[in-house]
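Descriptive analysis of the structure
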Amino acid sequence: MKELYELLEDIQDTVAERFMPSYSLGSVYRALMYALIYAALRRRLGRYDLLEPLGKRVSPPLLAAAKRELTGKLHYLLEQVDSILASSKPVLIHGEADLRHTIDSVKREVERVDYVLVYDCMSLVEQLAISAFLKVVGVKSVFLSTVFVNPVGVTRFVTQQLHGTSYRASLLGVARYIAKELRASLYAKSSFIDEKVHEVGLLGVEEFVDRMDVDRVAREVLERARSGRVLVLSDHGYDVVASIRENYVYIVHGFSRGDSSSYVPLALLSRLTLFIEAYRVG
C-alpha cells in the first residue's frame, strides 16, 4: 500500500504531465476539484447530479480526462485521509496533532528553509494543483511524509498551542515559530483562501472555484521558490459537504458531524494539513 505522500506525488505527476501542458492552471484546478468530489460522491452518496453546476465550468475533454485519470487515485487518497483521521486522538493534543511534535518531524525531513508560507485554509486541491504547476515551471515541489492533524478544522486549535510561549497566539505567530525552528529568514501568512471560503463557500463549490484565484497563490509560492527553499503549509483545510435538502455541494471548514442529517460530509479535509517543500532546480 502506498504511503500518503507517495500517492500525493503520483497524483502530482499525473496532473503535471497529463494536464498542465494543455490547460491553464485555473482550468486544471476546477477539473481537480470536480474529480475529487466525484470520488467523494462515489464513496459516500452516489448523487453525481450534484456536480452538474461544477461540471459546466470544465471543458468536456478535460472533464473526461479528469474522470478517467484522477478519480481512482483521488478515491484511494480520500481513503488514506480517512484512515489517518480515524487513528488520531481528537480529544488530546497528541502526536500529529501536536504542533511542536509535528515541526520536529518536519525538521528531520528538510533541516532548514529560507521561507515559510502559511496559508489559512489551503486544502488538498490547492496543494495538488499548485505543486503540479511548480513542477512544470522548473521548481521542485515535494510533499513531505509529515502531516498535521487538526481534529476540529479551525485555526484556534493551532494558535492555542502557542500559549505560554514567547510567540503571539496567531497564525502569523505560528509562521514565526516555524521559521525560527527551521532557520528561515522570512515568513508570511495569507488569509486569501480562508476569506474566499467564508465569502462564497456556502453558495456552492462552483461559486468558490469561480472566485478562488489559484494563479495568485501559485505565483506567490513561485516567486519565493525561485530565490530559495520554501515550506508551504496551512493551519487547516476545508470540508466538502453535500446538502441533501437543497441539492448542492458546498465548502466550509470545521464541519461538525452533529449537524443535521440533511448534510452529508463528503470529504473532511479541514482536519488534515500537508507540507510542501519547494525550490528551484539547477
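In case you missed it, the structure is sitting above this.
Rules of the game
Residues numbered from 1 in each chain as written. Predicted model: local features only at pLDDT ≥ 70, side-chain atom pairs only at ≥ 80, totals over all residues. Heavy atoms only, no water. Buried < 20%, exposed > 50% of the residue type's maximum accessible area, 1.4 Å probe, protein only. Helix = DSSP H or I, 4+ residues; strand = E, 2+ residues; numbered from the N terminus. Pairing = 2+ DSSP bridges. Axes fitted to C-alpha atoms, helices over the stretch in contact; angles between N-to-C directions. Parallel < 35°, antiparallel > 145°, perpendicular 65-115°, else oblique. Left-handed = near helix turned anticlockwise from the far one by under 90°. Contact = heavy atoms within 4.5 Å. Nonpolar A, V, L, I, M, F, W, Y, C, P; charged D, E, K, R; others polar. Expected span 1.5 Å × (residues − 1). Phe/Tyr/Trp six-rings, centres within 6.5 Å; stacked < 30°, edge-to-face > 60°. Lys NZ or Arg CZ within 6 Å of the ring centre and 35° of its normal.

Glancing now at the pairing of strand β6 (residues 248-252). Counted residue by residue, β6 has 4 buried out of 5 residues, so it is predominantly covered. Pairing between strand β5 (residues 239-243) and β6: 5 bridges, direction antiparallel. Across the sheet, the residue bridging to A242 is V249, located in β6. Counting the residues that bridge the hairpin from β5 to β6 gives 4 residues, and of these N247 lies at a positive phi of roughly 55°.

All right, on to the packing of helix α7 (residues 124-136) against helix α12 (residues 214-225) then. One way to put it is that α7 packs onto α12 with a least axis distance of 10 Å and a crossing angle of 55°. Between α7 and α12, the crossing angle belongs to the class labelled oblique. In the crossing of α7 with α12, the sense of the turn from one axis to the other is right-handed. Seen from α7, the contacting residues are I130, F133 and L134; seen from α12, they are V214, V217, A218, R219, V221 and L222. Each residue belonging to the contact of α7 with α12 can be placed in one class, and the counts come to 8 nonpolar, no polar and 1 charged.

Bringing the packing of helix α2 (residues 25-44) against α12 into the picture now. Following both chains from N to C, one finds α2 and α12 inclined at 110°, their axes separated by 9 Å at the closest point. Classified by the angle between their axes, α2 and α12 sit roughly perpendicular to one another. α12 is crossed by α2, and the crossing has right-handed handedness. Counting all contacts with α2, which are made through L25, G26 and Y29, the residues of α12 involved are V214, D215 and A218.

Attention shifts here to helix α1 (residues 4-18). Between its first and last C-alpha, α1 extends 21 Å over 15 residues, near the 21 Å set by a 1.5 Å rise per residue. When α1 is considered as a whole, its buried residues turn out to be L4, L7, L8, E9, I11, Q12, T14, V15 and A16. On its buried side, α1 packs onto α2, α4 (60-69), α5 (71-87), α7, β2 (139-149) and β8 (272-280).

Moving on: the packing of aromatic side chains. Here a ring pair, both rings aromatic, is described through the centre-centre distance and the interplanar angle of the planes. Going through the model one piece at a time under the given rule, you end up with 7 aromatic pairs. Taking 5.5 Å as the distance between ring centres and 75° as the angle between the ring planes, the aromatic pair formed by Y167 and Y177 counts as edge-to-face. Here Y167, found in the loop between α8 (155-159) and α9 (171-181), pairs with Y177, found in helix α9; they are 10 residues apart in sequence, far enough to count as distant. Given the relative accessible area of 12%, Y167 is considered buried. Ring pairing ties together the aromatic residues Y34, Y38 and Y48, which thus form one cluster. Positioned above the aromatic ring of F192, the side-chain terminus of R216 is 4.0 Å from the ring centre. Its guanidinium or amino end placed over the ring of Y279, R229 lies 3.8 Å from that ring's centre, counting from NZ or CZ.

Here the focus is the sheet that holds strand β3 (residues 186-190). Here 5 strands make up an open sheet; going across it, the order is β2-β8-β4-β1-β3 and the pairing mixed. The sheet is open, and its two edges are formed by β2 and β3, each paired on a single side. For this sheet, the mean angle separating the axes of adjacent strands, direction not counted, is 20°. As paired strands, strand β4 (residues 230-233) and β8 are joined by 3 bridges and run antiparallel to one another. Each residue of the ladder has a partner; that of V232, found in β8, is I276.

A separate point is the side chain of H75. Along the chain, H75 turns up in helix α5. Ignoring sequence-local partners within four residues, the contact set of H75 consists of A39, R42 and R43.

You can see Y48 is positioned in the loop between α2 and α3 (52-55). Using a relative accessible area of 31% as the deciding quantity, one classes Y48 as partly exposed. Once the C-alpha coordinates of Y48 and E277 are considered, the two residues, 229 residues apart in sequence, prove to be 35 Å apart. Sequence-distant contacts of Y48, defined by excluding residues within four places in its chain, comprise Y38, L41 and R42.

Glancing now at unusual backbone geometry. Located in the positive-phi region is R183, a residue other than glycine, with phi close to 55°. When you line up the elements, R183 lands in the loop between α9 and β3. Even without being a glycine, N247 presents a positive backbone phi close to 55°. Along the polypeptide, N247 turns up in the loop between β5 and β6. N247 gets classed as partly exposed once you look at its relative accessible area, which sits at 44%.

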